[in-house]
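Spelled out from the first residue to the last, the chains are:
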Amino acid sequence: MRLGVLDIGSNTVHLLLVDAHPGAQPVPFASHKRPLSLVQYLEPDGSINDEGQHELTEFVLEAWEFAARHKAEDLLAFCTSAIREATNGPEVLARVKHETTVTLQELTGSEEASMTFFAVRRWHGWGAGPILNLDIGGGSFEMAFGQDELPEVATSVPLGASRLTRDWLAEDPPSAKSVKELRRYIRATLKPAVREFDGLGRANVVAGTSKTFRSLARIAGAAPSAEGPYVKRELHASDLGIWTQRISAMSSEDRLHLPGVSEARAHQLLAGALVAEAALEMFKFKKLRICPWALREGLILRRLDQLVFSGPLEPAPHVASASRAVEAPV
């Protein structure tokens, strides 16, 4: 069975196709993605402008055709904070559906945190005990804690790396004053969110998901992605503190020389590091583990679980129509 998940994030738009069946580990088949920072297309009133909407619909069409060409049987299409928090989010979703026939499901911050946690639990297993998961996106920062497959607490705050860079770090490299002010803002925003986790107990495992955590761990000496997903990768607070100071003095161009840092992410690396540093400090942990599974995998695994109870999968309407178009004789 081939499933697709279309992720409209704040930094990238990404289609992942996997081969899987209930009870088995999803095996990546193919992916199609493009850097697209929707946060950069926001108008002063918080709306996504026409150019950003056009770029988005163009990619959704590409993804729709890619999924059909590779005979995907189902396509989960969702969007997160970039559209969720835009003042014209409903209009953007309606335009995408009208121009592509694809319906994007808008996830709440809590749903995003919960589904990411679900993937982390499946990766680490029951033996991991209580898990705290942290996920730094482009527009928001998700946190979740629990002992079961779904978390007891799952919350989201507007501390995404791209958002913070746009709003607080206009200079390149940033001034010491702007970094100090951003540190203060991050801690003030995190304080009430962290308080929600009081009384839940201590996590056995603190996991970090998202490209930002992977990049920070790689800079601090973790194994490169080429060594595969099963290599243990950790990010220590002591190393993070040192590298955050170094990164704050670098320009975006200088950061490109660091291992694991892409051109699309270099400019927002400092903001992500500041959020990661504050989170570990405020949750009182000295390190976290990098988990290779995150939101996309969580949604795929949840969909596969549904099949155990609901029976054979019926293709989504837009996937079925695309498949017929691709397979039609010339």
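For the structure itself, look to the data block above.
Residue numbering note: each chain is counted from 1, following its sequence as written. Owing to the predicted nature of the model, reporting of local features is limited to residues with pLDDT of at least 70; listing and counting of side-chain atom pairs is limited to 80 or more, with chain, interface and lining totals taken over all residues. Excluding hydrogens and water, the side-chain values take into account all heavy atoms of the structure.

1. Some points on the overall build of the protein
Link 1 in the chain: Each helix and strand in the protein was counted, giving 13 helices and 11 strands.
Link 2 in the chain: Radius of gyration (C-alpha) of the protein: 20 Å, near the 20 Å computed for a compact globule of 330 residues.
Link 3 in the chain: Referenced to the eigenvectors of the C-alpha coordinate spread, the extents of the protein come out at roughly 60 × 45 × 35 Å.
Link 4 in the chain: Of all intrachain contacts in the protein linking residues separated by at least 6 positions in sequence, the fraction that spans at least 24 positions is 71%.
Link 5 in the chain: Within the structure as shown, the protein displays about 14,900 Å² of accessible surface, and the carbon and sulfur contribution to it stands at 52%.
Link 6 in the chain: Distance from the positive charge centre (36 side chains) to the negative charge centre (41 side chains) of the protein: 7 Å. Here a helix means four or more residues in a row that DSSP labels H or I, a strand means two or more in a row labelled E, and each is numbered from the N terminus. The reference for a compact globule is 2.2 Å times residues^0.38; the radius of gyration itself is calculated from the C-alpha atoms. Any two residues whose heavy atoms approach within 4.5 Å at even a single point are treated as in contact. Here, Shrake-Rupley sampling with a 1.4 Å probe gives the accessible areas, and only protein chains in the shown set may cover a residue. Positive charges come from Lys and Arg alone, negative charges from Asp and Glu alone, with His and the N- and C-terminal ends not counted. Note that the charge is assigned to NZ on lysines, CZ on arginines, CG on aspartates and CD on glutamates.

2. Quick word on the packing of helix H5 (residues 161–168) against helix H11 (residues 269–283)
Link 1 in the chain: One way to put it is that H5 packs onto H11 with a least axis distance of 8 Å and a crossing angle of 115°. For the element pair H5 / H11, the angle class is roughly perpendicular. Handedness of the crossing formed by H5 with H11: right-handed. Between H5 and H11, the contacting residues are Ala161, Leu164 and Thr165 on the first element and Ala271, Gly272 and Val275 on the second.
Link 2 in the chain: Considering only residue class, the contact of H5 with H11 consists of four nonpolar, two polar and no charged. Inter-axis angles, ranging from 0 to 180 degrees, are taken between N-to-C directions of lines fitted to C-alpha atoms, where helices are fitted over the stretch in contact. Throughout, the term roughly parallel applies to angles under 35 degrees, roughly antiparallel to angles over 145, roughly perpendicular to angles from 65 to 115, and oblique to all others. Two helices that cross are described as forming a left-handed crossing if the nearer one is turned anticlockwise from the farther one by less than a right angle, and a right-handed crossing if clockwise. Ten residues, namely Ala, Val, Leu, Ile, Met, Phe, Trp, Tyr, Cys and Pro, are considered nonpolar, four, namely Asp, Glu, Lys and Arg, are considered charged, and the remaining ones, Gly among them, are considered polar.

3. Focus on the side chain of serine 10
Link 1 in the chain: Assignment of secondary structure puts serine 10 in the loop between strand E1 (2–8) and strand E2 (12–19).
Link 2 in the chain: A polar side-chain atom of serine 10 sits 3.2 Å from the main-chain amide nitrogen of glycine 139.
Link 3 in the chain: Filtering out sequence-adjacent residues up to four positions away, serine 10 remains in contact with Leu36, Ser37, Leu38, Val39, Thr80, Ser81, Ala82, Gly138 and Gly139. Pairs of N or O atoms are called polar contacts if they sit within 3.5 Å, as long as, within protein, a hydrogen donor faces a hydrogen acceptor (for residues adjacent in sequence, only side-chain-to-side-chain pairs).

4. Notes on the nonpolar core
Link 1 in the chain: Here, nonpolar core refers to any group of buried Ala, Val, Leu, Ile, Met, Phe, Trp, Tyr and Cys residues whose side-chain atoms link them within 4.5 Å. Each residue gets one of three labels from its accessible area relative to the maximum for its type: buried under 20%, exposed over 50%, partly exposed in between, using a 1.4 Å probe on protein chains only. Of all hydrophobic cores here, the largest spans 47 residues; its most connected members are Leu132, Leu134, Phe141, Met143, Ile186 and Leu190.
Link 2 in the chain: Ranked by residues supplied to this core, first place goes to H11 with 11 residues.
Link 3 in the chain: Leaving out residues up to four positions away in the same chain, leucine 134 has contacts with Phe141, Glu142, Met143, Val206, Ala207, Gly208, Thr209, Phe213, Ala279, Phe283 and Leu288.

5. Some words on the pattern of salt bridges
Link 1 in the chain: Should a side-chain nitrogen of Lys or Arg be within 4 Å of a carboxyl oxygen of Asp or Glu, the pair is scored as a salt bridge. Per the counting criterion, the structure on display carries 16 salt bridges.
Link 2 in the chain: Between aspartate 7 and arginine 296 there is a salt bridge, and its shortest N-O distance comes to 2.7 Å. With aspartate 7 in strand E1 and arginine 296 in helix H12 (residues 295–310), this residue pair connects regions lying 289 residues apart in the sequence.
Link 3 in the chain: On the accessibility criterion, aspartate 7 (12% relative accessible area) is buried.
Link 4 in the chain: Taken together, the shared-partner salt bridges in this structure form one network comprising Arg34, Glu55 and Glu62.

6. Considerations on the packing of aromatic side chains
Pairs of aromatic rings are described using the distance from one ring centre to the other and the angle between the two planes.
Link 1 in the chain: When the centres of two rings from Phe, Tyr and Trp lie within 6.5 Å, Trp using its six-membered ring, the rings pair. Their planes under 30 degrees apart give stacked, over 60 give edge-to-face, and anything left gives tilted. For the structure on display, the rule yields four aromatic pairs.
Link 2 in the chain: Note on phenylalanine 197 and phenylalanine 283: the rings are 5.3 Å apart at their centroids and 85° apart in plane angle, and the pair reads as edge-to-face. Residue phenylalanine 197 is found in the loop between helix H6 (176–195) and strand E9 (205–209), and its partner phenylalanine 283 is found in helix H11; the two are separated by 86 residues along the sequence.
Link 3 in the chain: We classify phenylalanine 283 as buried; its relative accessible area is 10%.
Link 4 in the chain: Within the aromatic cluster, the residues linked to one another by ring pairs are Trp123, Tyr230 and Trp293.
Link 5 in the chain: A cation over a ring is seen here: arginine 246 above tryptophan 243, with NZ or CZ 4.6 Å from the ring centre.
Link 6 in the chain: A cation sits over an aromatic face here: arginine 302 above phenylalanine 118, 5.1 Å from the ring centre. Note on criteria: charge over ring means Lys NZ or Arg CZ within 6 Å of the ring centre, with the direction from the centre no more than 35 degrees off the ring normal.

7. Some words on the sheet that holds strand E7 (residues 141–146)
Link 1 in the chain: Spatially, E8-E7-E6-E9-E11-E10 is the arrangement adopted by the six strands of the open sheet, whose pairing is mixed. Of all strands in the sheet, those with a lone pairing partner are strand E8 (153–157) and strand E10 (234–236), marking the two edges. Between one strand and the next, the sheet's axes are offset by a mean angle of 25°, whatever the strand orientation.
Link 2 in the chain: One ladder, built from five bridges, connects strand E6 (residues 131–136) with E9; its direction is parallel. Along E9, the bridge assignment pairs leucine 132 with valine 206.
Link 3 in the chain: Seen against the sheet, helix H4 (residues 109–124) touches E6, E7, E8, E9 and strand E11 (287–290) and runs at an angle of roughly 55° to E7. Pairing between two strands requires that DSSP report at least two bridges joining them.

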